[in-house]
Amino acid sequence: MELYLDTANVDEIKEIASYGLLDGVTTNPSLIAKSGRSFKEVIKEICAIVPGPVSAEVIATKHEDMLKEADELVQIAPNVVIKVPLIPEGLKTVVKLTEKGIPTNVTLCFSAPQALLAAKAGATYISPFIGRVDDTSWDGMELISEIREIYDNYGFETKILAASIRGPIHLKESALRGADCATMPISAYQQLFKHPLTDIGLEKFLEDAKKLKW
């Protein structure tokens, strides 16, 4: 399973990348706006840190404008993935970008039929927002299972990128249900390392280690 960081904070990306456990990054205009920096400047810096896919989201909502923005974004670095919202104009754009061989990430997916449309459009990634689905009293994990079954039924190559990950349980369940990738904020990523028994075991080990003669 590929693990991505969902952020535009370059320091966070450098920290996780230093572990050798970062496969890619997803961003959006809201995250980049918080940095107060130029959109293209941030994307360029992230792409230089992370060799894997970096999702850069278009701002436009009209097909022709999305294409223009996409053409500019792909010039930034070879690992840029064009991120588009799951709306008719967005999927129309995905079809054209796929024809050009440009990778895409369709975001704001909340249902299996939406994921089916994205796959038919040729999306490289589909991003179901499982945490937000849970917030509406539906089952985000069931959504992952439904998409996986549909994609397997028809041989779609679109990768399931579980988004809106809130913590280790979300990641575990997404992996068990066949998601290809998962993206999360650094707070959730850091939780993956933690377990109370690990802390207890390490504390005992360090105490015993003091008694060793080296």
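Our subject in this report is the structure included herewith. (Residues numbered from 1 in each chain as written. Predicted model: local features only at pLDDT ≥ 70, side-chain atom pairs only at ≥ 80, totals over all residues. Heavy atoms only, no water.)

1. Considerations on the overall build of the protein chain
(1) Moving on: If you tally the helices and strands in the protein chain, you get 11 helices and 8 strands.
(2) Moving on: Taken along the three principal axes of its C-alpha coordinates, the protein chain extends 70 × 40 × 30 Å.
(3) Moving on: Looking at the protein chain as a whole, 45% of its 214 residues are labelled buried.
(4) Moving on: For the protein chain, restricting intrachain contacts to residue pairs at least 6 apart in sequence, the fraction spanning at least 24 positions comes to 56%. (Helix = DSSP H or I, 4+ residues; strand = E, 2+ residues; numbered from the N terminus. Buried < 20%, exposed > 50% of the residue type's maximum accessible area, 1.4 Å probe, protein only. Contact = heavy atoms within 4.5 Å.)

2. A look at the sheet that holds strand β4 (residues 80-85)
(1) Moving on: Pairing within the closed barrel is parallel, and its 8 strands lie in the order β1-β2-β3-β4-β5-β6-β7-β8. Each adjacent strand pair in this sheet contributes to an overall mean axis angle of 30 degrees, direction not counted.
(2) Moving on: In the sheet, strand β7 (residues 159-162) pairs with strand β8 (residues 181-184) via 2 bridges, with the strands oriented parallel. The residue of β8 that forms the bridge with Leu 161 is Cys 181.
(3) Moving on: Docked against the sheet, helix α4 (residues 63-73) engages β3 (54-57) and β4, running at close to 160 degrees with respect to β4. (Pairing = 2+ DSSP bridges. Axes fitted to C-alpha atoms, helices over the stretch in contact; angles between N-to-C directions.)

3. Overview of the packing of α4 against helix α5 (residues 88-99)
(1) Moving on: It is the contact of α4 with α5, at a shortest axis distance of 9 Å, that shows an interaxial angle of 45 degrees. It follows that α4 is oblique to α5 by the angle criterion. Classified by chirality, the crossing of α5 by α4 is right-handed. Taking contact as the criterion, the partners of His 63, Met 66, Leu 67 and Ala 70 in α4 are, on α5, Glu 89, Gly 90, Lys 92, Thr 93, Lys 96 and Leu 97. (Parallel < 35°, antiparallel > 145°, perpendicular 65-115°, else oblique. Left-handed = near helix turned anticlockwise from the far one by under 90°.)

4. Remarks on unusual backbone geometry
(1) Moving on: Residues other than glycine seldom take positive phi values, yet Leu 108 does so here, at roughly 65 degrees.
(2) Moving on: Within the element layout of this structure, Leu 108 appears in strand β5 (residues 104-109).
(3) Moving on: Phi angles above zero are rare outside glycine, and Ser 137 is one such case at about 70 degrees.
(4) Moving on: For Ser 137, the location among the structural elements is in the loop between α7 (130-135) and α8 (140-154).

5. A word on helix α6 (residues 112-121)
(1) Moving on: Among all positions in α6, only Ala 112, Ala 115, Ala 118, Ala 119 and Ala 121 are buried.
(2) Moving on: Each element contacted by the buried residues of α6 is listed here: α5, β5, β6 (125-128) and α8.
(3) Moving on: Of the residues one or two after α6, Gly 122 is the one with positive phi, at around 100 degrees.

6. Some details on the side chain of Thr 93
(1) Moving on: Note on placement: Thr 93 falls in helix α5.
(2) Moving on: Ignoring any residue separated from it by four or fewer positions in sequence, one finds Thr 93 in contact with His 63, Met 66 and Leu 67.

Note that all results are geometric; they support no functional claim without further evidence.
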